[in-house]
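Analysis of the macromolecular model
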Amino acid sequence: MSFLTNLNLWKKITLLTTIGLLFGVGVFSSLGLRAVSQASETMLEDRLTTAALVADYVDEALGRALSELESAAQQIENGGDRSSYEPSMEALAAIYPRLSIHVNGIYVTNHRGEVVWSKSAASRTEIDSLASFASIRQTINSNSTSVSGLVSLPGSDSPAIILSSPTREDKQGSRGALAVAVDLSRSGIGGFVKPLRLGQTGYVEIVDQNGIVVARTEPGPKLAPFEKSDHSGRFAALIAAREPTRGVCHTCHEPDQTVARRDVLAFVPLERANWGVVIRQSEDEALAPTNDLRQRLLLFGVGLVTIALMLVVITTRDVGSRIRLLTAASQRIADGDLNTPATISGNDEVGTLGRSFNDMRVKLKTSHDELQQKTRELSSLLLVSDILTSAIDLPSLLDAVVAKAVEIIPGADAGALLLHDPDRHGLAVRCAFGLDREALSKFVYAPGVGQAPDKAGGSPTDTLVAAIGAFFQTEPLRGRTRSFISAPLTQHSRNIGSLIMVSFRDSQAFSESSRRLLQAIADYITIAVERAQLTKEAEESRSLYEADRLRSEFISSVSHELRTPLTLIKGYSTSLLRQDVSWDEGTQREFLQVIDEKTDLLHDLIDKLLQSAKLEAGALKLEKEPLLLPRLARKVVDDAGMRAKKHNLSLAFASSFPVVEADVRCMEQVLQNLVQNAIKYSPEGSEIVIAGEVEDGRVVVSVSDQGIGVSPEHQDKVFERFYRVNSPETRGVPGSGLGLSITKGHVEAHGGRVWLESAAGKGSKFYFSLPVEHAEKARKATDG
């Protein structure tokens, strides 16, 4: 960068333009070379596609041969009479030539691989067993058709491959094999690849799983019997992995072989046999078109750069001289000379730029000072805005704003904010910076602050001026102030305070721009104060509304819950006291039973109200003792079963459920509330299950039902005091809305928590848990 800085504009334009051209040529060359590389990749993909087509043909030929072999093998039973399958063998020997497959011999073996029938040029004494061939053993042992690699049959030096298929089982479950020895070089499988020619050096090979070349086309090297490929190990691995590949072969030869030439190679494994098809061609021949294209691109790039450089030099001489004149003109403007015009000729872009310079000079002269002032004011207001929009409380926010105002207003040494204080009924110092706050904390000016003009005995402005005058008579400011400015805080046409800046050094410290800036800051403070007031009023309004709503719902619910049993008690007791009616003993007992039940309901409701009040006041006292929750749950189920005989209540506690330390009365109330809740909101005949288990260091008890369920929008609120779900399904169900809130309070007092899982119409499952520490402590206490 320092090198470019020291160059003049003409040289810099020339240099950068040249670099740009070189970069463009480089990009073009890169794209061209990329196209060359893509062409190379396309050529390799074409070779791979050709190899795949050859592989498909060989697979198809092998498939037809194996299909005929399998059909014939199914006619043979291991150990069966030779006369029963000789016709099938004769037919097989006749079919294979029609498939362009030359057969050297057909062999039937028993389960040990011994030849029991054959048709071959060799005598039976020469080939009495095929058990030494891995493909025969594989066929007999795995009951599957197989194709061998290139092998040599006993008594014959000519290479062949063996196709084998399992015969039918005998009565002992043993099976033999039907094998066909095929001369691949004289068969259609190898003959198909012979006409393929790829240029002057390209040829095709078929290799087996041992890397031995099965077939090869011209002009490849003459194929010797059992010749190994120069990549035998690599091909064997690719055949085993069933993985096709292609590339330029430089370094993939066997460690003990040398590179005879550099080849382009494509390899595709067969599906029917552990063979592979290889297409090879000399790299020089295969890549000759792409290499020629690469050289042409390089020559074209060099010529293009040379021509472009010549054009750049011619063009930049004219542009550079006129730009030097523009540089001198801009330097004069930068030095403050806004009178001398720029003398640039021409109607092109450079001439237009010169005329724009002259227009800019005129406008800069008239707006420079104003722009500086506006920028300073806006920057200051942005700083104040950042403070006012921060999430801090109002007192801290006002302190920060006053401190920032003293910092950004030129000439200010101290500042203070006078604000209406409703508790002191006057204008007081809300915050101060650079002044003794403790001494100013007692200042208050009462007359007319926060009142309309007709009620204050004077205009709001006069009242505020009087308050400011009183403020400067306080001890920290008396006799020290040289100059000050103030800005009123006006809210709905009422003065609620004033922002004051003070200078102790200069009697002319503040300008008109300082007054505008201070007023803008005062307006921001007014908005912040009003926002805080509205926020507080909104929160209070919401709290009052919610409290009133809950109180109304509670009174309505409790009134209904009290009225129903009281009405019944009153009715039955009045009936019993009538003198004109004589009730038999059974009827009297029935009336008294109803009175007793309704009295219990009233007692339960009053008890819930008292428990809720204790939880609300934090006055609940727990009397903990070792407790068996399954036993307590059984008691609750038995009690509830007497009243809810049409529900099926059951327990499902873990067999090793531990003893917990808890208040028995509270835990019984928790279980009763959850079970009663499940009974109330479940249809008759449905099942209610109380279950318990130990998980994640805590004991968890659940009460599940098959009732109406709780929709997601109500699940977070059902544990609140007096809250009841308002829906058509729940309106006819009695309740006070206290049971679940009491349950939550009792469980949380034991260090646990309560939650539920539910879906509307699919039942609910309420859980509560206790920490495992309670259970361990209780267990040790019980064991002791």
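The coordinates are above.
Below or above, wherever it landed, is the structure these notes cover. Bear in mind that the values here come from a model prediction, so they are computed numbers and not experimental data.

Here we take up the overall build of the protein. Per the secondary structure count, the protein includes 20 helices and 23 strands. Sequence-distant contacts in the protein: of pairs separated by 6 or more residues, those separated by 24 or more amount to 61%. For the protein, the exposed surface amounts to about 42,600 Å²; the carbon and sulfur share of it is 54%.

Turning to the environment of G763, a few remarks are in order. Relative to the elements of secondary structure, G763 occurs in the loop between β22 (753–758) and β23 (764–771). With relative accessibility at 5%, the residue G763 sits in the buried group. Setting aside chain neighbours within four positions, we find G763 in contact with D705, Q706, G707, I708, G709 and S758.

As a further point, take the sheet that holds strand β14 (residues 444–445). Spatially, β14-β13-β12-β16-β15 is the arrangement adopted by the five strands of the open sheet, whose pairing is antiparallel. In the strand order of this sheet, the two ends are held by β14 and β15 (483–491), each with one partner. The pairing of strand β12 (residues 414–421) with strand β16 (residues 494–503) spans six bridges and is classified as antiparallel. Paired with G415 across the two strands is M501, which belongs to β16.

This brings us to the pattern of salt bridges. Opposite charge on two side chains makes pairing possible when the charged atoms of those side chains draw close. A full pass over the atoms with the stated rule returns 17 salt bridges. Taking the shortest distance from any N to any O, the salt bridge between D639 and K635 comes out at 3.4 Å. Of the two residues, D639 and K635 both sit in helix α16 (residues 629–643), four residues apart, roughly one turn of that helix.

This part takes up the packing of helix α17 (residues 664–680) against helix α19 (residues 739–749). It is at 9 Å that the axes of α17 and α19 come closest, and there the two elements cross at 145°. In this structure, the crossing between α17 and α19 has a hand that is left-handed. In contact with C666, Q669, V670, N673, L674 and N677 of α17, α19 contributes G739, L740, I742, T743, H746 and V747. Grouping the constituent residues of the contact of α17 with α19 by class yields six nonpolar, six polar and no charged.

Turning our attention to the packing of α16 against α17. Contact pair α16 / α17: the axes reach a minimum separation of 10 Å and the direction vectors enclose 45°. Taken together, the axis directions place α16 and α17 in an arrangement best described as oblique. The two elements α16 and α17 meet at a crossing, and its hand is right-handed. On α17, the residues touching L629, L632, A633, K635, V636 and A640 of α16 are V664, M667, E668, L671, Q672, V675 and I679.

The strand order β18-β20-β21-β23-β22 describes an open sheet built from five strands, whose pairing is mixed. The open sheet has two edge strands with one neighbour each: β18 (648–653) and β22. Mean inter-strand twist for the sheet, computed between neighbouring axes without regard to direction, equals 15°. By the bridge criterion, seven bridges tie strand β21 (residues 698–704) to β23 in an arrangement that is antiparallel. Considered in β23, the bridge of R698 is made with P771. Docked against the sheet, α16 engages β18, β20 (687–695) and β21, running at close to 180° with respect to β18. Along the sheet, α19 contacts β22 and β23; its crossing angle with β22, the most-contacted strand, is approximately 135°.

Rules of the game
- Residues numbered from 1 in each chain as written.
- Predicted model: local features only at pLDDT ≥ 70, side-chain atom pairs only at ≥ 80, totals over all residues.
- Heavy atoms only, no water.
- Helix = DSSP H or I, 4+ residues; strand = E, 2+ residues; numbered from the N terminus.
- Contact = heavy atoms within 4.5 Å.
- Areas by Shrake-Rupley, 256 points an atom, 1.4 Å probe, with all protein chains shown as cover.
- Buried < 20%, exposed > 50% of the residue type's maximum accessible area, 1.4 Å probe, protein only.
- Pairing = 2+ DSSP bridges.
- Salt bridge = Lys/Arg side-chain N within 4 Å of Asp/Glu carboxyl O.
- Axes fitted to C-alpha atoms, helices over the stretch in contact; angles between N-to-C directions.
- Left-handed = near helix turned anticlockwise from the far one by under 90°.
- Nonpolar A, V, L, I, M, F, W, Y, C, P; charged D, E, K, R; others polar.
- Parallel < 35°, antiparallel > 145°, perpendicular 65-115°, else oblique.

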